[in-house]
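Spelled out, the chains give:
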Amino acid sequence: MGKNIMDKLKTKSRAVMAQAERESALLEPTRRSFLRGSVATMGAAATLGATGGAAFAAGNPENLPPNVPEWSKMLGDRVTAEPYGIPSQYEKNVHRRTVPWLTPTAESSISFTPIQDLHGIITPNGLHFERHHGGFPHIPKEDFRLIVHGMVKNERMFTLQDLMRFPQVSRIHFVECPANSGAEWRGAQMDKLQFTHGMVSCCEWTGVKVSTLMEELGVKPGAKWVLAEGADAAGMSRSIPIEKIGDDCILAYAQNGEMLRPEQGYPLRLIVPGFEGNMNVKWIRRLEFGDMPWHHREETSKYTDTLSNGKSRRFTWSMDTKSVITSPCPEYPMLGKGYHQIRGLAWSGAGKIKGVDISVDGGKNWMPARLEGMVLDKALTRFVFDWDWNGQEVLLQSRAYDETGYVQPTIDQLRAVRGTWSIYHNNSIHTWLVKKSGEVQNVQVSGK
Amino acid sequence: MFKFPVNKSVLGLVLGGVLMTSAAYAGDEMKYGFGVKPSDKEIAGWDIDIRPDGQGLPAGSGSYEDGEALYAEHCAACHGDFADGGGGRYPPLVGGTPNELAQSVRPGQPHKTIGSYWPYASTVFDYIKRAMPFGNAQSLTDDEVYAITGFLLAENDLHDSDEPMDAEALKAVVMPNVDGFVDDPRPDVKNPHCMKDCFKSVEITSKATLGVTPTGEEALR
């Protein structure tokens, strides 16, 4: 190839890249299009719909038929250009986000999964929500040890390699922070799906069942509880009843096929299916068997639920059945009248999702949605509903029910029993107000 | 393994004595033999947990005066000079009574401190030892942890500031809110699976607040 042609191609490639950057900017609402913390935030959702749609429709004519784009002519990148592959540069806006005012420090804090951008039931490893109580450590795998002791017949200390030699299981389970939707207890607050419901993720976890170790080491009579403790700077510790730990809990070293991410507990974490996220202790270093619970800080001062009469519930482990519509949502409003496939996620700490219903009138009437794809025990489950939107304002809701017969409640029902002081365990039916413009706003409703 | 209904009260099962028998986990002979037997010293280095019955409390003691000085050095920057949270966003440690957890008494929000809310004094020692000071965890000696624990309990009028804090003194503390906790009664709501004409009317009671939801780089902190 002559020098002139190469130069010409490079110039054209730069033009393509520049155009791509512009498109990316249009599709990247939270970084560029939105005005920070201003009144314009409300209108920005509609702007996103309009410009996003327009950007898709317009594109760069040079790359559209009948023209042949550069990427059809030039060689692409070589193999191993990215030895560990990363998402497309045009998806840079898909990432975890935090709410700075929620916590005093960024180390004891939370980040939310962008569930508005995800499909299927598996959360990519780099997008699993984070909740650290003392930052996340980077533990060399050779410096990892798990000590199992207390009321066991054979106390034992394991390396990671030891644990990986035991019979292995893989299970797909959601992990949800009990504070998910916690900001909504007293009224609608967050106006993004990522922040109302993003403290939930779902991965395939691989490791050794705790019951395998219990059979191996022997449990002494009278042992009823296990303390799980992390090696992080918070020494995260929770008391877990022995029935649960011996039932389906997993000491997991892998997540979606690869070793755990540091944020998710590398090199080993506990998976306690269907229970509060913080019980799934990350960077676990110790399991102590005992005959009574420890009543540690994260199960007394925190992660307890105070009722309006001042009494508080403790050991509220199970994550109740919940669902939310992920399309449309504030981040991705309606693009026009006519067909729209309503999509969402449902999950239950009690077992499998049995079904999901959709209401477009704030809960007066319900229509069954269809479960799409795998329906697994204590896992995120996809639901879809074929909808013909007439362009009028609607109150959109989803309501899940599980195999035990439990039906996701209204916020009114939860408040009637628990008051408004809870932080945790808000699994209420969520409402999106779909406006004529297509904008979607987080609201709460009351039915009589 | 049997499965149990987690949505019912798991605690009820535990307290009700429906326990797996030890026969299921006989474990007299290890089948795989992986790992090693940890020495007592190895276990002791990591076994830092304390229970309400005092199990795990180490030897040692600390005075109120030492606790006051240590608190000023290690804790006051976040929790405030008077351990009341310092007007910031860190947890207040002192003040209040269980009475102030009720909505009728404090309509704004419950006044939660060690003195008003925490059911067991052992948790104070345990948490300081494992996680405090924030950013320099497990750096205090047992005497220092006793001293700070004694200082905070004394400031909450739960310990005599003339007496040193030690294992026996800590076990003797009865926290005011020890009876303030109830076990999980869920499922506590029953939503009927209604499909048609479930409500006559529906009204919007609240809308998401402007300016609360982070946007842009703010969401990356």
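Residues numbered from 1 in each chain as written. Chains lettered and ligands numbered in written order. Predicted model: local features only at pLDDT ≥ 70, side-chain atom pairs only at ≥ 80, totals over all residues. Heavy atoms only, no water.

Undergrad: Which parts of the structure should I look at to understand helix α6 (residues 210-217) of chain A?
TA: Three or four residues apart is the spacing at which side chains of an α-helix point the same way, because the helix has 3.6 residues per turn. Residues and elements named next belong to chain A. Burial within α6 is extensive, with seven of its eight residues counted as buried. Turning to α6, its buried residues number three or more, namely V210, S211, T212, L213, M214, E216 and L217. Phi turns positive one or two residues past the end of α6, at G218, with a value near 80°. (Buried < 20%, exposed > 50% of the residue type's maximum accessible area, 1.4 Å probe, protein only. Helix = DSSP H or I, 4+ residues; strand = E, 2+ residues; numbered from the N terminus.)

Undergrad: Sorry if this is basic, but what is going on with the pattern of salt bridges here?
TA: Under the definition given, this model contains 30 salt bridges over all chains. Residues R297 of chain A and E298 of chain A are paired through a salt bridge, measuring 3.0 Å at the closest nitrogen-oxygen approach. The residues R297 of chain A and E298 of chain A share a single accessibility class, namely buried. D320 of chain A is the partner of R418 of chain A in a salt bridge, and the nearest nitrogen-oxygen pair spans 4.0 Å. With a gap of 98 residues between them, R418 of chain A in helix α8 (residues 411-418) and D320 of chain A in the loop between β14 (312-314) and β15 (322-327) connect regions that are remote in the sequence. No difference in accessibility class separates R418 of chain A from D320 of chain A, as the two residues are buried. Overlapping salt bridges bring together E229, R285, R286 and E288 of chain A together with D47, D49, D126 and R130 of chain B as one network. (Salt bridge = Lys/Arg side-chain N within 4 Å of Asp/Glu carboxyl O.)

Undergrad: Sorry, what's going on with the environment of V182 of chain B here?
TA: Tracing the backbone through its elements, the reader meets V182 of chain B in strand β3 (residues 181-183). Judged by relative accessible area, V182 of chain B falls into the partly exposed class, the value being 32%.

Undergrad: Whenever I open this one, the interface of chain A and chain B confuses me. Can you help?
TA: Often, the extent of an interface is quoted as the loss of accessible area upon association of its parts. The interface of chain A with chain B comprises 139 residues on the first partner and 106 residues on the second. Regarding the contact of chain A and chain B, the summed buried area is about 10800 Å², with carbon and sulfur atoms giving 56% of it. Here chain A is connected to chain B by eight salt bridges. Viewed at the interface, chain B and chain A are joined by 55 residue pairs in polar contact (both at pLDDT 80 or more). It is strand β23 (residues 440-447) of chain A that contributes the most residues to the side of chain A that touches chain B, seven residues altogether. Per-class residue counts for the side of chain A that touches chain B are 51 nonpolar, 49 polar and 39 charged. Sheet topology note: the β14 of chain A/β3 of chain B ladder contains three bridges and is parallel. Along β3 of chain B, the bridge assignment pairs R313 of chain A with V182 of chain B. (Contact = heavy atoms within 4.5 Å. Buried area = accessible area lost by both parts, 1.4 Å probe. Polar contact = N/O pair within 3.5 Å; in protein donor to acceptor, adjacent residues only side chain to side chain. Nonpolar A, V, L, I, M, F, W, Y, C, P; charged D, E, K, R; others polar. Pairing = 2+ DSSP bridges.)

Undergrad: Is there a simple way to think about the state of the cysteines in this case?
TA: Put plainly, two cysteines are in a disulfide when a covalent bond ties their sulfur atoms together. Per the stated rule, a full pass over the model turns up one disulfide over all chains. Here C194 of chain B is linked by a disulfide to C198 of chain B, with a sulfur-sulfur distance of 2.1 Å. On the sign convention where negative means left-handed, the S-S torsion of about -100° between C194 of chain B and C198 of chain B marks this disulfide as left-handed. Judged by relative accessible area, C194 of chain B falls into the partly exposed class, the value being 23%. Classification of C198 of chain B by relative accessible area gives partly exposed; the value is 22%. Cysteine C203 of chain A remains unbridged, with the sulfur of C202 of chain A as its closest cysteine sulfur at 6.7 Å. (Disulfide = S-S within 2.5 Å.)

Any functional reading would require information beyond the geometric quantities listed.
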